[in-house]
Amino acid sequence: MSTATAPASGGTTADRPAARATDTILVLDFGSQYSQLIARRIRELNVYCELVPGTITADKVVAKRARGLILSGGPASVYDADALHPERGIYDLGLPILGICYGMQLLAHDLGGRVSPAGRREYGLASVVVDSEDGIFTGLPAEMPVWMSHGDVIEELPPGYQVVAHTVNSPVAAMAGPNGRVGIQFHPEVAHTPQGSAMLRNFLYHTCGCQGDWAPEGFVQQAVAEIRERVGSERVICALSGGVDSAVAATLVHRAVGDQLTCVFVDNGLLRRGEADRVIDVLTRSMRMRIVRVEAEERFLRALEGVVDPEEKRRVVGREFIAAFEEETALLGGAAFLAQGTLYPDVIESTASDTFAARKIKTHHNVGGLPTGMRFQLVEPLRYLFKDEVRKVGRSLGLPDDLVGRQPFPGPGLAIRVIGEVTRERLETVRSADWVVIDEIKRSGLYPRVWQSFAILTPISSVGVMGDYRTYANVVAVRIVTSEDGMTADWARVPYDVLSDISRRIVNEVPGVNRVVYDISSKPPSTIEWE
Ligand code: XMP
């Protein structure tokens, strides 16, 4: 994940999506680890949705012309003194509300019911029995598996509410009341609740009356018109990273203002094999963009000399990027706007209140922060989109599949996949091993089904035997993970034959490697990248 870099100063971005569908659903975030997932599920159902702080004011909800609200789960107990509650006025708006887990307990507590600690906590799979087959359960089986995760129960329903589903341990697994208000104790947004999307669909389409007119592809025309209006006749620069987001953002801006856009590609020498050439080739030849390529490998390698600490590596890469970018833009004679491929999860992360902001595990850099002296207004056409939506936009802009479907790649690049000091030779080793991993994963058809697949060069040497000779050479680790959004991940259960081909090819094709290991850690407790 990249972190949205704030403008050095003076940058503003319109506080609304480039393409406003007619229906908007707001997810009020009370700190659940699944809040983003709820928003994504709703967008997958073709309804535009935003994640907002749980403490949003009723006035703001009205201003966003929401058709319905979802109260997310959260780690607190509603009866705690410091628990967060929606503003009272939110309930008075008369909008349909779906409360999920903590959100359902909020509904119960705030509207006159009673919530207390459960005798027995309920985590994991449960079987829910539907007591009333309408509302969110319309058209669904009478009994189905759901994912539970709660320690509180509803002791007393608010006036006007009735139980619409139960489980063995939860007499109130779902409740419904007037004004299209529904509470469910389980999580419909997770994959472990197979009918979860159908329940959300019922809420959106039947209870809230949404039309389902949100489609990322439909976003292009309006985004282009808005960029054109905002930028006028000014110049725009865009830092291309080689990844999907900046390529799609640049393509949108280019479609809007043509040659007023200049892209700067800082080749830091830390990219995957062929990556820089491919992106530049596509964008210059098919899209006819003006791209300045800055050859900065030497500069980055020099700056990384002797650096082994992962955070220090990130800082160095970020700093050198800024310097190289700044020098180049000065040569170009400046620009009023800077286009960035900031995505919605970055926006959420950077605007999350301290209560909810995930503790910083790693400093993530894409563009790496901007120098304080630079004054740009930001153009961030993707700031309301999730990654899968960006891919759809990219495809509808005519970008080729191999570019649009590319797996995420960290801003500091291969520098954080060479554990220990980064040297040209070690970079080449990891780059060659990475090439094999990607090649084999593509050949097996797994590439689009996993989140990331890559090689790490460990600082370990091991003894081996090749031919009649003893070797003492590098150990390469292979990491292949599945994930929804990079926040949590699991190691991919790749067929042994594929792993075997990867291992054999790496040892045969990459000089200086005599052993390959497969990383079988999930996130958490590990992270996806090793550094
Ligand atoms: P971790 O290693 O934190 O990675 O589990 C989660 C996702 O973020 C990517 N990542 C980065 N992306 N700059 C980025 O733009 C970074 O510094 C960075 N570090 C990790 C990682 O590849 C994974 O997709």
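Residues numbered from 1 in each chain as written. Predicted model: local features only at pLDDT ≥ 70, side-chain atom pairs only at ≥ 80, totals over all residues. Heavy atoms only, no water.

Student: Just to check I follow, could you spell out the overall build of the chain for this structure?
Tutor: Helix and strand content of the chain: 15 helices and 18 strands. A globule of 531 residues ought to have a C-alpha radius of gyration of about 24 Å, and the chain, at 25 Å, matches this closely. With the principal axes as the frame, the chain shows a C-alpha extent of 75 × 65 × 40 Å. Looking at the chain residue by residue over its 531 residues, the buried ones come to 55%. The contacts of the chain with a sequence gap of at least 6 include a subset with a gap of at least 24, amounting to 76%. As displayed, the chain offers around 22500 Å² of accessible surface, 50% of which is attributable to carbon and sulfur atoms. Averaged over its 56 positive side-chain charges, the chain has a centre that lies 4 Å from the centre of its 66 negative ones. (Helix = DSSP H or I, 4+ residues; strand = E, 2+ residues; numbered from the N terminus. Rg over C-alpha atoms; globule rule 2.2 N^0.38 Å. Buried < 20%, exposed > 50% of the residue type's maximum accessible area, 1.4 Å probe, protein only. Contact = heavy atoms within 4.5 Å. Areas by Shrake-Rupley, 256 points an atom, 1.4 Å probe, with all protein chains shown as cover. Lys, Arg positive; Asp, Glu negative; His and termini not counted. Charge placed at Lys NZ, Arg CZ, Asp CG, Glu CD.)

Student: Would you take a moment to explain the pattern of salt bridges for this structure?
Tutor: For side chains bearing opposite charge, pairing can occur when the charged atoms are close. This structure, assessed with the given rule, holds 38 salt bridges. Residue R41 pairs with E484 through a salt bridge whose shortest N-O separation is 3.1 Å. With R41 in helix α1 (residues 35-44) and E484 in the loop between β16 (469-482) and β17 (490-491), the pair connects residues that are 443 residues apart, well separated along the chain. Since its relative accessible area comes to 36%, E484 is described here as partly exposed. Because the salt bridges share partners, they merge into one network encompassing R40, R41, E44, D388 and E484. (Salt bridge = Lys/Arg side-chain N within 4 Å of Asp/Glu carboxyl O.)

Student: In this structure, what is going on with the environment of G420? I would like to understand it.
Tutor: Looking at the secondary structure, you find G420 in the loop between α13 (401-404) and α14 (424-443). On a C-alpha basis, the gap between G420 and V292 in space is 32 Å, while along the polypeptide they are 128 residues apart. Filtering out sequence-adjacent residues up to four positions away, G420 remains in contact with V307, V308, K313 and E531.

Student: I'm lost on the packing of aromatic side chains in this one. Help?
Tutor: How two aromatic rings sit relative to each other is given by the distance of their centres and the angle of their planes. Taken as a whole and assessed by the stated rule, the structure comprises 6 aromatic pairs. Here the aromatic cluster, defined as three or more aromatic residues joined through ring pairs, consists of Y344, Y384 and F386. We note R417 situated over the ring of F454; from NZ or CZ to the ring centre the distance is 3.7 Å. Directly above the ring of Y447 sits K442, whose terminal nitrogen or CZ lies 4.8 Å from the centroid. (Phe/Tyr/Trp six-rings, centres within 6.5 Å; stacked < 30°, edge-to-face > 60°. Lys NZ or Arg CZ within 6 Å of the ring centre and 35° of its normal.)

Student: It is not clear to me how the domain arrangement of the chain should be interpreted in this structure. Could you clarify?
Tutor: Interface size is commonly expressed as the accessible area that is lost once the parts come together. Annotation of the chain at the domain level lists domain 1 (24-207), domain 2 (216-404) and domain 3 (417-518). Between the C-alpha centres of domain 2 and domain 3 there is a distance of 28 Å. Between domain 2 and domain 3, the contact holds 14 residues from the first and 12 residues from the second. Between domain 2 and domain 3 lies a buried interface of about 1300 Å² when both sides are counted; carbon and sulfur atoms form 50% of it. On the domain 2 side of the interface with domain 3, the three residues burying the most area are R272, R273 and L301, jointly 43% of the side's total. (Domains from an automatic or database assignment. Buried area = accessible area lost by both parts, 1.4 Å probe.)

Student: Could you clarify how one ought to interpret the sheet that holds strand β3 (residues 66-71) in this entry?
Tutor: Strand pairing in a sheet is mediated by backbone hydrogen bonds. Such pairs are either parallel or antiparallel. Ordered in space as β2-β1-β3-β4-β9-β8-β7-β5-β6, the 9 strands form an open sheet in which the pairing is mixed. This sheet does not close on itself; its edge strands, each paired only once, are β2 (48-53) and β6 (143-156). Each adjacent strand pair in this sheet contributes to an overall mean axis angle of 20°, direction not counted. By the bridge criterion, 3 bridges tie β3 to strand β4 (residues 97-100) in an arrangement that is parallel. Within β4, the residue paired with L69 across the bridge is I97. This element, helix α4 (residues 102-110), spans β3, β4, β5 (114-130), β6, β8 (174-177) and β9 (181-184) of the sheet and lies at about 120° to β4. (Pairing = 2+ DSSP bridges. Axes fitted to C-alpha atoms, helices over the stretch in contact; angles between N-to-C directions.)

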